[in-house]
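# A look at the structure
Chain residues, written in single-letter form:
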Amino acid sequence: FELNENSIFKNYKVDKKENKNVKYSFNNVNQNKNTISETFILSSGSNFFKSEINCNLNGEHSSAFVNGIFSLHKDKHHEIRTSINHLTESTKSYQLIKSVLEDSSKAVYQGKIFVNSEAQKTDGYQLSKAILLNDGTEFNGKPELEIYADDVKCSHGSSSGNLEDNKIFYLMTRGLNVNQAKKMLLDGYFLEVVEKITDNNVKGIIKDLMQI
């Protein structure tokens, strides 16, 4: 994809329907001055799905946003790999990936922020979180920063864990059963990512698909 000056690109990848497919998707996005790219990935239905996104921020005040959800069960294996390349000054990127894994499913997120020596005043952010509902699940996160400029603001993080028992107990004291309590917590967890979608029609479709 070639984004000319002042253009906006929105790309939504939805893999929700249960199937046995093996899928691979690759996007290469070249962005010029004052451009915005927004990518959202719902990674759930296929048996195997790998999605790669490479964004080259070539022009000043260009921005790239990548938000994704893994919602996996059975023995599904899904991966997201991102590479955001800040190649000139005053560019911005934001990445948020959240996972919920159960049964023996596996998710992999590898995200890289690259800042070359000319890309002063870069603002880069990356975060991945995972909730593991069973002992047999596995989440592998590999956040990367490669920075050659000194006037930048870049951060990354990765965490994984279980649903907090005290939160489930609190909701159950308010009249919910254990399954209802877990669903409410997971819906709120995913909602942070879905709310990043800037197209309201697409946002509504995703909420309906995920029943949140």
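Refer to the structure printed above.
In short, a report on the structure.

## Remarks on the environment of Val-14
- Locating Val-14 in the fold gives a position in strand S2 (residues 8-15).
- Using a relative accessible area of 41% as the deciding quantity, one classes Val-14 as partly exposed.
- Separated by 40 residues in the primary sequence, Val-14 and Asn-54 have C-alpha atoms spaced 18 Å apart.
- Beyond its immediate chain neighbours, meaning those up to four positions away, Val-14 contacts Leu-42, Ile-206 and Leu-209.

## A short note on the packing of aromatic side chains
- Throughout the structure, instances matching the rule amount to four aromatic pairs.
- Relative to Phe-9, the ring of Phe-1 lies with its centre 4.4 Å away and its plane at 35°, an arrangement referred to as tilted.
- With a relative accessible area of 14%, Phe-9 lands in the buried category.
- When the ring of Tyr-189 is compared with that of Phe-190, the centres are 5.5 Å apart and the planes differ by 55°; the resulting orientation is tilted.

Conventions adopted
Residues numbered from 1 in each chain as written. Predicted model: local features only at pLDDT ≥ 70, side-chain atom pairs only at ≥ 80, totals over all residues. Heavy atoms only, no water. Helix = DSSP H or I, 4+ residues; strand = E, 2+ residues; numbered from the N terminus. Buried < 20%, exposed > 50% of the residue type's maximum accessible area, 1.4 Å probe, protein only. Contact = heavy atoms within 4.5 Å. Phe/Tyr/Trp six-rings, centres within 6.5 Å; stacked < 30°, edge-to-face > 60°.

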